[in-house]
Amino acid sequence: MIHEIATITIDPARAAEFEAAVAAARPHFEAATGFVSFGLQRSIETPERYHLVVGWESVEAHMVDFRASEGFQHWRTLASPFFAAPPSVEHVSTVI
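Residues numbered from 1 in each chain as written. Predicted model: local features only at pLDDT ≥ 70, side-chain atom pairs only at ≥ 80, totals over all residues. Heavy atoms only, no water.

## Description of the sheet that holds strand E4 (residues 88-92)
Hydrogen bonds between backbone atoms are what pair the strands of a sheet, whose relative direction is either parallel or antiparallel.
Then, number 1: A sheet is described by the order of its strands in space; here four strands give the open sequence E2-E3-E1-E4, paired in antiparallel fashion. Strands at the two margins of the open sheet, each flanked by one partner only, are strand E2 (35-42) and E4. Averaged over neighbouring strand pairs, the angle between their axes works out to 15° when direction is ignored.
Then, number 2: The pairing of E2 with strand E3 (residues 49-56) spans seven bridges and is antiparallel. Counted as the bridge partner of Gln41 is His51 from E3.
Then, number 3: Strands in contact with helix H1 (residues 15-30) are strand E1 (2-9), E2 and E3; relative to E2, the strand with the most contacts, it is inclined by about 175°. (Pairing = 2+ DSSP bridges. Helix = DSSP H or I, 4+ residues; strand = E, 2+ residues; numbered from the N terminus. Axes fitted to C-alpha atoms, helices over the stretch in contact; angles between N-to-C directions. Contact = heavy atoms within 4.5 Å.)

Below is the structure:
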């Protein structure tokens, strides 16, 4: 299993709307092939910064299967109006 970590910056005045949009998008992730887990974390020191952390069976499950799906398009439609800049995305694996 790997984790996708997407760092997302928004206007903090729209935080409640953004969080509601991510909650509405969650079922699209959960329905995806290779989906494992989902979480949204907000920075305490930098309240306009969020980390979307999604567990996937593999990088390919995220980058190929999910990104080519209708679910990804729904996610982007719901969340992208809140992005102050394009999200930064990386994949990590647990080593210890």
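## Let's talk about the environment of Ser37
Then, number 1: Counting through the fold element by element, Ser37 comes out in strand E2.
Then, number 2: Along the chain, Ser37 and Trp56 lie 19 residues apart, while their C-alpha atoms are 7.1 Å from each other.
Then, number 3: Contacts of Ser37, omitting those with residues within four sequence positions, involve His3, Val53, Val54 and Gly55.

## Overview of a nonpolar patch on the surface
Then, number 1: A cluster of nonpolar side chains, Val59, Met63 and Val64, forms an exposed patch at the surface whose accessible area comes to about 220 Å².
Then, number 2: Within the element layout of this structure, Val64 appears in helix H2 (residues 59-66).
Then, number 3: Val64 sits in the partly exposed class, given a relative accessible area of 49%. (Patch = residues over 30% accessible without salt bridge, like charges linked within 9 Å, V, L, I, M, F, W, Y side chains within 5 Å. Areas by Shrake-Rupley, 256 points an atom, 1.4 Å probe, with all protein chains shown as cover. Salt bridge = Lys/Arg side-chain N within 4 Å of Asp/Glu carboxyl O. Buried < 20%, exposed > 50% of the residue type's maximum accessible area, 1.4 Å probe, protein only.)

## Section: the packing of aromatic side chains
Then, number 1: Tallied over the full model, the rule gives ten aromatic pairs.
Then, number 2: Aromatic pair Phe29 and Trp56: ring centres 6.5 Å apart, planes at 40°, arrangement tilted. Of the two residues, Phe29 sits in helix H1 while Trp56 sits in strand E3, which places them 27 residues apart along the sequence. Exposure class is identical for Phe29 and Trp56. Each is buried.
Then, number 3: Where Phe66 meets Phe72, the ring centres are 5.7 Å apart and the plane angle is 85°; that geometry is what we call edge-to-face.
Then, number 4: Classification of Phe72 as buried rests on a relative accessible area of 12%.
Then, number 5: Taken together, the ring pairs connect Phe29, Phe35, Phe38, Trp56, Phe66, Phe72, Trp75 and Phe83 into an aromatic cluster. (Phe/Tyr/Trp six-rings, centres within 6.5 Å; stacked < 30°, edge-to-face > 60°.)

## Examining the pairing of E1
Then, number 1: Where burial is concerned, the two faces of E1 differ: the one with Ile2, Glu4, Ala6 and Ile8 is buried and the one with His3, Ile5, Thr7 and Thr9 is not.
Then, number 2: The sheet contact formed by E1 and E4 spans five bridges and is antiparallel. When the bridges of E4 are listed, Thr7 appears paired with Ser88.

## Brief notes about the nonpolar core
Then, number 1: Grouped together as the largest cluster of nonpolar side chains are 24 residues, with contacts concentrated most on Ile8, Phe18, Phe29, Leu52, Trp56 and Trp75.
Then, number 2: Those elements that place two or more of their residues in this core are E1, H1, E2, E3, H2 and helix H3 (70-79).
Then, number 3: Top element by residues in this core is H1. It accounts for six residues.
Then, number 4: The contact partners of Phe18, leaving out residues within four places of it in the chain, are Ile8, Ile10, Leu40, Tyr50, Ala79, Phe82 and Phe83. (Core = buried A, V, L, I, M, F, W, Y, C linked by side-chain atoms within 4.5 Å.)

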